[in-house]
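# Structure assessment
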Amino acid sequence: MSTRWIFTVADMISFATEVRSHTKTLALVPTMGALHEGHLSLVRQAKIQCDVVVVSIFVNPTQFGPSEDFARYPRNPEKDFELLESAKVHAVLAPSVEEVFPAGFSTFVDPGQIATIWEGAQRPGHFRGVATVVLRLFNIVRPDVAFFGQKDFQQVVIIRRLVEDLNLPVRIVVCPIVREADGLARSSRNIYLSAEERKVAVLLSRSLKRAEALAQSGEADAEKLLAEMRRMLAAEPRLQIDYAAIVNPATLEPVTHALPGTVALAAARLGKLRLIDNLIFGPPGLSPEMKLQLALTAPQPDKESTAAPRPEIDSLRIKIENCRDCAAVSSIALPAREFLFKYLKRDYPNLDAIRALVIGGCAPIGPADSPYRRPEQPNPFLTRLYELLGLRDFAEFRASFALTDAARCHAVGNRVDDRTLEYCARHLREELKLFPNVRTIIILGEYAYLQFQRHVLGRERASIKAFPELLKAQGWAQELVQLPGYGEREVRVLYCYHPTFETKKSPSLAAHLSSML
Ligand code: AMP
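To start, this report covers the structure provided alongside it. (Residues numbered from 1 in each chain as written. Predicted model: local features only at pLDDT ≥ 70, side-chain atom pairs only at ≥ 80, totals over all residues. Heavy atoms only, no water.)

Here we take up the sheet that holds strand β9 (residues 273-280). Across the sheet, which stays open at both edges, the three strands sit in the order β7-β8-β9 with antiparallel pairing between neighbours. The strands lining the two open edges of the sheet, one partner per strand, are β7 (239-247) and β9. Averaged over all adjacent pairs, the angle separating strand axes in this sheet is 10°, with direction ignored. The sheet contact formed by strand β8 (residues 263-270) and β9 spans eight bridges and is antiparallel. Looking across to β9, one finds that Arg 269 is bridged to Arg 274. (Pairing = 2+ DSSP bridges. Helix = DSSP H or I, 4+ residues; strand = E, 2+ residues; numbered from the N terminus. Axes fitted to C-alpha atoms, helices over the stretch in contact; angles between N-to-C directions.)

The structure is reproduced here in structure tokens:
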């Protein structure tokens, strides 16, 4: 395989269209070139998760201020291409400024208040330029997954917001910061550091590490941690601090107490260069990936979540967020926290009380479609589900039932492939353990049926009755099974048509359910 070098938007669109026609998953790694190990770590992740990887190299003029270093920004196309070719990237998109911003271009994305603090305050208009070019690249390449570095933490928060706010059909993956041996975060601009400056630059990461060490030894007071960071940075007169802050990872607002997942940000000027760095607090020994998960899945300040944390829910949530196995993803817009973490804690403070679990086909594409998010807004799926179960509304549903799905992070029409079912079953099996007192499981539709039979009950494909055959006689079917992890106790499983995916309809199960709950 040789790496393709693409210069025009039109060529990129036809390349991506060709990839999609083969139902392959497409990754985009946006960069400004002058590539280093940090960029290559994103490329490697993209190669693991997707079939085809496109790296864009574009020094975006709209994210540089008038007095910034656009002209001086390091450029090294030959070396970049060599690196990407050895990394076996499928295509490199290296468009000219005129290709990306042709004459007459006038529409910009305003990311709002979050783009006006920290980096945004130092570099007015920077994130407007970033969000605009990223949206344009997304629309040209239409990737299934796009990869960004934690190195630019505020950028990550803004891009994730952009994707959620504008319902962009792309999943964002964030990769940890790659550092030099002494801790300095890798950056294209580091080549401009003199040997003397290089020694000073490392102070930024050292101050962050020091704050983390203090936090790990029990000091949670953000003011004290910040004071220590500032003291270390101020000891070097050549370093001029732009900001040092300890913030909530979702809102980037300063916090009073550092918790696992809280982020420390630091930026400073050294000669003509600006350095930025950040660190996610976490318990000693936690991997950088896990820390990122902690930060990126931290609940938004949410008045509704009053229930006590359940560690087993958190660990399952992290596993699901981390799951990149089947690569069947295309447009997950519903992070796992929406259908697990958030609802379980808020709606099911006592998981032991749940007696019945409904397993649907695949997780809703948009958060607004989740009944847990908007219980007052029934959709056709819910209306028919209530009919099937003989319930009035969501409040009644929630009193006895919990709802989950066979497939979690795929949203390609209604087709659920075998690989997705197999991999997602690992999460379903874990999830079943969260409800130790379940007596009834209601399985909706063929995909959930096949997954349950093969990957929960462990039956051979040949021994599984065809779904239409199973339901032919009365429109539903039931059996008693023993579930792994449930001991000797038998669980009744009811198989029905999916309320919206299938044209046939199962009769109301109300009479059968009332005695079971
Ligand atoms: P840039 O070329 O600086 O625009 O960076 C392109 C992408 O690489 C961005 O998502 C950056 O956050 C990411 N990146 C840059 N430096 C690093 C690093 N040291 N570790 C991980 N990711 C990085």
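Next, the rest of the story.
Let us now look at the packing of helix α1 (residues 9-21) against helix α6 (residues 126-141). Closest axis-to-axis distance for the α1/α6 pair is 8 Å, and the angle between their directions is 55°. Relative to α6, the element α1 is oriented oblique. Here α1 contributes Val 9, Met 12, Ile 13, Ala 16 and Arg 20 to the contact with α6, which in turn contributes Arg 136, Ile 140 and Val 141. Per-class residue counts for the contact of α1 with α6 are six nonpolar, no polar and two charged. (Parallel < 35°, antiparallel > 145°, perpendicular 65-115°, else oblique. Contact = heavy atoms within 4.5 Å. Nonpolar A, V, L, I, M, F, W, Y, C, P; charged D, E, K, R; others polar.)

Next up on the list: the pairing of strand β12 (residues 440-444). Most of β12 sits out of view: five of its five residues are buried. Neither face of β12 is exposed, since Thr 440, Ile 442 and Leu 444 on one face and Ile 441 and Ile 443 on the opposite face are all buried. As paired strands, strand β10 (residues 356-362) and β12 are joined by four bridges and run parallel to one another. Following the sheet pairing, Leu 357 is matched in β12 by Ile 441. (Buried < 20%, exposed > 50% of the residue type's maximum accessible area, 1.4 Å probe, protein only.)

Further remarks concern the site of the ligand. Residues in contact with the ligand amount to 17 residues; listed here are only the nearest, His 39, Gly 149, Asp 152, Val 178 and Arg 186. Asp 152 places a side-chain nitrogen or oxygen 2.6 Å from an oxygen atom of the ligand. Here a nitrogen atom of the ligand sits 2.8 Å away from a polar atom, N or O, in the main chain of Val 178. When isolated, the ligand has an accessible area of 480 Å², and the protein chains bury 92% of it. Mapped onto the shell around the ligand, the elements with two or more residues apiece are β2 (26-31), α2 (37-49) and β5 (145-149). Broken down by element, the shell around the ligand gets its largest block of residues, three residues, from α2. Across the shell around the ligand, the residue classes tally to eight nonpolar, six polar and three charged. (Near = heavy atom within 4 Å. Polar contact = N/O pair within 3.5 Å; in protein donor to acceptor, adjacent residues only side chain to side chain. Areas by Shrake-Rupley, 256 points an atom, 1.4 Å probe, with all protein chains shown as cover.)

What the rule picks out here adds up to 23 salt bridges. A salt bridge links Glu 68 to Arg 123, with the nearest nitrogen and oxygen atoms 2.5 Å apart. Highlighted residues: Glu 68 in the loop between β3 (52-57) and α3 (77-86) and Arg 123 in the loop between α5 (119-122) and α6, separated in sequence by 55 residues. According to the relative accessible area criterion, Glu 68 is partly exposed, its value standing at 25%. In this structure, Arg 186 engages Glu 180 in a salt bridge whose closest nitrogen and oxygen atoms are separated by 3.2 Å. Taking the relative accessible area as the measure of exposure, Arg 186 reaches 24% and is therefore partly exposed. What makes Glu 180 partly exposed here is its relative accessible area of 26%. Through salt bridges with shared partners, a single network forms among Glu 119, Asp 242, Arg 269 and Arg 274. (Salt bridge = Lys/Arg side-chain N within 4 Å of Asp/Glu carboxyl O.)

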